[in-house]
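Commentary on secondary and tertiary structure
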Amino acid sequence: MPCDVKVGPSDLDVDRRAAEADLRDLRDRLLTSAPLTAAIMIIVWFLQPRGLLPLNVTLWLGLALATVVQFYPGWRFIKGAVRAFRNSTANMDTLVALGTLTAYAYSLLYALHLVGGEPFLDSGPAVITLILLGRWLEAKVRLRASSGVRELAKLVPSRARVIADGGEVIMGIGEVKPGHRVMVKAGEGIPVDGIVDEGSGYVDESAMTGEPAPRLRKPGDVVLAGTRLLNGYLVIRATRVGEFSLIAQVARLAKEAQAARLPIQSMVDKVSAYFTWVIIGVAVATLAAWLSLKAPLYVAVLHMASVLVVACPCALGLATPMSIMVGVDRATQEGVLVRNGEALEKLSKIRVMAFDKTGTLTEGNPRVVKAFINDDALALAASAEYPSNHPIARAVVQYAESLKVKATKVEEFNQLEGMGVVAVVNGRNVGVGNAKLVEGMEAKLSPREEQLARDIEAEGYTPIFVVIDGEVKGVLAIGDPPRAEAAEVVNEVRRLGLHISLLTGDSEGSALGVAKALGIGEVHANLMPDDKARVVRELKAKYGAVAMVGDGINDAVALNEADVGVAMGTGSDIAKEAGDVILVSGRLRSILTLLRLSKLVVNNIKFNIAYAFAYNLILVPVAVGLIPGLTLRPELAGLAMALSSLTVTMNAYSIKLRRV
Amino acid sequence: MATHIDPVCGMEVGEDTAFKTLYKGKVYYFCSRQCKEAFDKDPERYLKGGPRGMPHH
């Protein structure tokens, strides 16, 4: 049994397991701290005041329970604080550990009759319980936040029906090899990438492309693992299996993007480390200020603990990465693979969108756009073109096929570089090619044909002539017209206030034709791949940040040069494609989804950061005791803190629920 | 496979050569890009005068 083929799902579940382990750890700690905290509360607030327990017993029993909470569930924070301290930094855990240990130490000293005032046995455990609860909820949301990417892997069935020796064998997906013929029945998930050999049926490809309408797949068509056959049956010749399938590649790259550390995060971490030190400073100052105002020690300590616990650098630290992670996940559901999470943020700042022409704004396959020819001449032309592999020849043959015009056998076929083809068909001398070929065939263009050719060129298409026995018998316009959705996309991008530029390696004529059809003013034609990168640099200097949309292989240099590179997916090996974002579905309209999602994510980040600042700015002074008559007890401070980071998390999660 | 004479240099060329041109309805075959370009510039010179040897020799 071959074991070298790694199976997508198990490979992708590693970080899910880590997240689940964390969730279990939080739950276990919570299961200890919550009942013990409740017990302390009952003792302190109910049993003791009613005289059901003597003060001494209350104190020592409460302290014993608090010790357990402080050093088993609370150990998580102490451990985190020590780890941060070793790295000479401070974080959330530092504040929680300091805050709760302060309350605990004071209560212990009180029990030993070393200090007076009041003990606050319940504060530390309450804070620990509330913060654990907040983190547990947060971890649950977080686990669901990246679920879109994980769901992808689950779409691939774990078994496949492989046809061998006339029968079907059920194989584990890891055993299926490229070349195997796989049978898929109605209602089943497709287990491999491959080409349909037999059968036909409608396939739901929404998971891969975001496109809800099912597509008819028949012999010769490509189908992808993770899509679902709705009716009929398919026999698929596997081309890619397991980790090499498109869906596994998408899932892996999206997950890498989610796990990647964003540059902005280092800054956020630094800021929140400073913030933590500032809070520790404020806490000490609070203690000193209350003491200098002749307040009792327990009042000073209480305020200090509240300051430590209420401050929430975590909300600041969470805001950006959380939103981006959810954004990447959301994009995956729409058939957009974000390989670099930062791109979602950068997209909101771009000033220019540069489009490649062939294959991006256009379908990328030349076809006959207009024809001035009769069927007999077309049959001869298609026959002459039949042996050629040139894209123009393929277009002519396809056009003839679409009109049910049959090509016949040819003799003396010759392909002439820069001219066209000549061949003898049924004893007739046939040439198909440009004006140079017409001249070489000793034929003459009539004034009408010359006019037709000029008109065709003016529209950005290429005129092709059919010469039969020395006479011009037809004119064809060959071109690569804009995609149906191109105009809508270009208009919408323009409406968003972006400058639009067309970059192409093609001739000026065909570039201007497409530009005119789409209303694009700026055209750069005749560009080699390196020239495109140069133009991107120039656009950057002239207008500001540039997003380049193009082919992930041919435009790689330009995509890398741009602030955000967007590659049109070709369904091939996406890991090899350049670009920060890949439109896996190959649909140009996904650009608009991407722009909307980017806006959503950036607004989300802004809201979260503003919220986190406002929260700290308001509640820290309250905790210090600056507002007369208002004392924020540590347990309430802990509740506020837990709610605050939960708010940020929930807000980020909401990106998943929004329409884009 | 049928072979043809390169009208510029006089070499024998197969029909599978990549260097061909069309002149007065007839296909001519060349051994190299140089020969083809020389022919394209002035076909009559080679058709009337016969092969002249390699153009760059």
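Residues numbered from 1 in each chain as written. Chains lettered and ligands numbered in written order. Predicted model: local features only at pLDDT ≥ 70, side-chain atom pairs only at ≥ 80, totals over all residues. Heavy atoms only, no water.

**Observations regarding the packing of helix α23 (residues 590-624) of chain A against helix α24 (residues 634-653) of chain A**
Residue and element names in this part refer to chain A. To keep it simple, the criterion reads: To get an axis, fit a line to the C-alpha atoms, keeping to the stretch in contact for a helix; angles then go from 0 to 180 degrees between the N-to-C directions. Only DSSP runs of H or I reaching four residues or more are called helices, and only runs of E reaching two or more are called strands; each is numbered from the N terminus. Reported orientations rely on four angle classes, namely roughly parallel under 35 degrees, roughly antiparallel over 145, roughly perpendicular from 65 to 115, and oblique for the rest. Any two residues having at least one pair of non-hydrogen atoms within 4.5 Å are treated as being in contact. Note that Gly is not counted as nonpolar here; it falls among the polar residues with everything else outside the nonpolar set of Ala, Val, Leu, Ile, Met, Phe, Trp, Tyr, Cys and Pro and the charged set of Asp, Glu, Lys and Arg.
Relative orientation of the contacting elements α23 and α24 amounts to 170 degrees, with a least axis distance of 9 Å. With respect to each other, α23 and α24 are oriented roughly antiparallel. Judged by residue contacts, N604, F607, N608, Y611, Y615 and L619 of α23 engage A637, A640, M641, S644, T647, V648, N651 and A652 from α24. Across the contact of α23 with α24, the residue classes tally to 9 nonpolar, 5 polar and no charged.

**Description of the sheet that holds strand β12 (residues 410-416) of chain A**
Residues and elements named next belong to chain A. Rule in force here: Between any two strands, at least two bridges found by DSSP are needed for them to pair.
Strand order in the open sheet made by the 6 strands is β11-β16-β15-β14-β13-β12, with antiparallel pairing throughout. Pairing within the sheet leaves two strands with one partner each, and these edge strands are β11 (367-373) and β12. On average, each strand axis in the sheet is inclined to that of its neighbour by 15 degrees, with strand direction left out of account. As judged from the 6 bridges shared by strand β13 (residues 420-425) and strand β14 (residues 428-433), these two strands associate in the antiparallel manner. Its bridge partner being in β14, V421 is matched across the sheet by V432. Sheet strands touched by helix α15 (residues 375-385): β11, β12, β13, β14, β15 (462-468) and β16 (471-479). Its angle to β14, the strand with the most contacts, is close to 75 degrees.

**Some words on the domain arrangement of chain A**
The following threshold applies: Domain borders in the structure are assigned automatically or taken from a domain database.
Partitioning chain A into structural domains gives domain 1 (10-147 + 257-325 + 603-657), domain 2 (157-242) and domain 3 (367-479). Between domain 1 of chain A and domain 2 of chain A, the C-alpha centre-to-centre distance is 52 Å.

**Section: helix α5 (residues 92-111) of chain A**
Residues and elements named next belong to chain A. Defined as follows: Each residue after the first adds 1.5 Å to the expected span of a helix. Relative accessibility under 20% of the residue-type maximum defines a buried residue, over 50% an exposed one, and the middle range a partly exposed one, all with a 1.4 Å probe and only protein chains included.
The end-to-end C-alpha distance of α5, which contains 20 residues, comes to 29 Å, matching closely the 28 Å that a straight helix rising 1.5 Å per residue would cover. With 15 of 20 residues buried, α5 is to be regarded as a mostly interior element. Just beyond α5, the residue with positive phi is H113, at close to 60 degrees.

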